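Listed below are the residues making up each chain.
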Amino acid sequence: MSFAVIQMVSQSDVLANLAQARRLLERAAAGGAKLAVLPENFAAMGRRDVADIGRAEALGEGPILPWLKQTARDLTLWIVAGTLPLPPEDQPHAKSNACSLLVDDRGEIVARYDKLHLFDVDVADARGRYRESDDYAFGGNVVVADTPVGRLGLTVCYDLRFPELYSELRAAGAELITAPSAFTAVTGAAHWDVLIRARAIETQCYLLAAAQGGVHPGPRETHGHAAIVDPWGRVLTQQDTGEAVLLAERDSSEQASIRARMPVVNHRRFFSQGAQRPASER
């Protein structure tokens, strides 16, 4: 029941990033992992041609999807492909989603999650302004799938700030949740550890937080600190910056015990009427 999260420092060269990812996935498989999670934007960081990358992949003309399927087959490894730009199925010329794919050990895509919450914020760093919605369309579905290590819920990066998504994943049976990320150095230093631990604690799930950790084109600096958090909120393993392969095992008996001793799902209460929102938010 071993799994891995991977930390990278992806650049703009897709083929070079795929070579780096392959090397790290080989280390994960050699360490006994049955499933490995790549970070957000694992195949490219700092590119402005997101639409072109996504269209090429959708039309079968890009390198990322063939590489992903072949690598999963070669290593007999389930892979969560962090994110890559990919238009909706059967709409190759539509705006891309920030898409997280789950690929099984035969190279088949078994689940697709399109990032729900896009990072449209201002940050006090060298870049200053982030507008993911300029390049990506919003996703609309909650996604959970069965894997060799347990029932897996899929999320991405900025999703970590929206606990209602994680509650829905737990309600759908998630036992582990992925959060491939590229947190900025500024927001990561302030909030990353708190958020990944909180999402693990409230869902009583393993949180598999792959990350980007270093300096990228853009300019952009990411926080790193890829981690695996257990259902009690303990950080089992973490890497500050630079590339890394982090391994852990799921203890299903302990997870069941935590859930039985503190049955938070059974204790959830629902309000009959929400708080009145300010007029500016209506």
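Residue numbers here run from 1 along each chain, matching the order of that chain's written sequence. Thresholds applied to this predicted model are a pLDDT of at least 70 for local features of residues and 80 or more for the giving and counting of side-chain atom pairs; totals over whole chains, interfaces and linings are not thresholded and use all residues. Note: side-chain values were computed over all heavy atoms of the structure, leaving out hydrogens and water.

### So, the overall build of the protein chain
Under the scheme used here, helices are H or I runs from DSSP no shorter than 4 residues and strands are E runs no shorter than 2 residues, and both carry numbers assigned from the N terminus. Each helix and strand counted, the protein chain has seven helices and 17 strands in total. Only the C-alpha atoms count toward the radius of gyration. The rule for a globule is 2.2 Å times the residue count to the power 0.38. Relative to its length of 282 residues, the protein chain is compact, with a C-alpha radius of gyration of 18 Å against a globular reference of 19 Å. The C-alpha extent of the protein chain, read off along each of the three principal axes, is 50 × 50 × 35 Å. Within the span of the protein chain, comprising 282 residues, buried residues form 53% of the whole. Throughout, a residue-residue contact means that at least one pair of heavy atoms, one from each residue, lies within 4.5 Å. Put simply, 68% of the contacts in the protein chain that link residues at least 6 apart link residues at least 24 apart. For the accessible areas, the method is Shrake-Rupley and the probe is 1.4 Å, while residue cover comes only from the protein chains on display. Carbon and sulfur atoms provide 49% of the accessible area of the protein chain, an area that totals close to 12,500 Å². In this scheme, a residue with accessible area under 20% of its type's maximum is buried, one over 50% is exposed, and one in between is partly exposed, where area comes from a 1.4 Å probe on protein chains only.

### A short note on the UniProt feature "domain: CN hydrolase" (unreviewed entry) in the protein chain
Taken from the UniProt record, the annotation "domain: CN hydrolase" (unreviewed entry) applies to residues 1-252. What you have in residues 1-252 is 27% helix and 30% strand, and the ends, taken at the C-alpha atoms, are 9 Å apart. UniProt positions are given in the numbering used here, feature names are shortened, and annotations may be inferred rather than shown by experiment.

### Examining the environment of Gln238
Counting through the fold element by element, Gln238 comes out in strand β16 (residues 235-239). Accessibility expressed as a relative area gives 30% for Gln238, which makes it partly exposed. A C-alpha to C-alpha distance of 5.8 Å links Gln238 and His225, two positions 13 residues apart in sequence. If we ignore the near neighbours within four places in the chain, the residues touching Gln238 are Trp192, Asp193, Ile196, His225, Ala226, Ala227 and Leu246. At a separation of 3.0 Å, a polar atom in the side chain of Gln238 contacts the side chain of Asp193. Two N or O atoms count as a polar contact when they lie within 3.5 Å, although within protein this holds only if one can serve as hydrogen donor and the other as acceptor, and sequence-adjacent residues are included solely when both atoms are side-chain atoms. Of note is the side chain of Gln238, whose polar atom sits 3.3 Å from the backbone oxygen of His225.

### What to know about the pairing of strand β4 (residues 97-103)
Along β4, seven of the seven residues are buried, which leaves the element largely enclosed by surrounding structure. We treat two strands as partners when DSSP finds at least two bridges between them. In the sheet, β4 pairs with strand β5 (residues 109-114) via five bridges, with the strands oriented antiparallel. Bridge pairing links Ser100 to Tyr113 in β5. The hairpin formed by β4 and β5 contains five residues between the paired strands, and Gly107 there has a positive phi angle of roughly 85°.

### What to know about the sheet that holds strand β9 (residues 150-154)
One open sheet accounts for six strands, arranged β8-β9-β10-β11-β15-β16; its pairing is mixed. Since the sheet does not close on itself, it has two edges, and those belong to β8 (144-147) and β16, each with one partner. Strand-to-strand twist in this sheet, taken as the mean axis angle between neighbours without regard to direction, amounts to 20°. Taken together, the three bridges between strand β11 (residues 206-209) and strand β15 (residues 226-229) define a ladder with antiparallel strand orientation. Its bridge partner lying in β15, Ala209 is registered against Ala227. With axes taken as lines fitted to C-alpha atoms, and helix axes fitted only over the stretch in contact, angles between N-to-C directions fall between 0 and 180 degrees. The sheet contacts of helix α5 (residues 185-203) involve β10 (176-178), β11, β15 and β16, and relative to β11 the element is tilted by about 150°.

### Quick look at the nonpolar core
Nonpolar cores were defined as sets of buried Ala, Val, Leu, Ile, Met, Phe, Trp, Tyr and Cys residues, with membership established by side-chain atoms within 4.5 Å. Counting 45 residues, the largest nonpolar core has Phe3, Leu35, Leu102, Leu160, Ile196, Leu207 and Leu208 as the members making the most contacts within it. Ignoring any residue separated from it by four or fewer positions in sequence, one finds Leu35 in contact with Ser2, Phe3, Ala4, Leu77, Trp78, Val80, Leu102, Thr147, Val149, Leu152 and Leu208. Counting residues in each nonpolar core, the second largest holds 31 residues, with Ala21, Phe42, Leu65 and Ile79 among its members.

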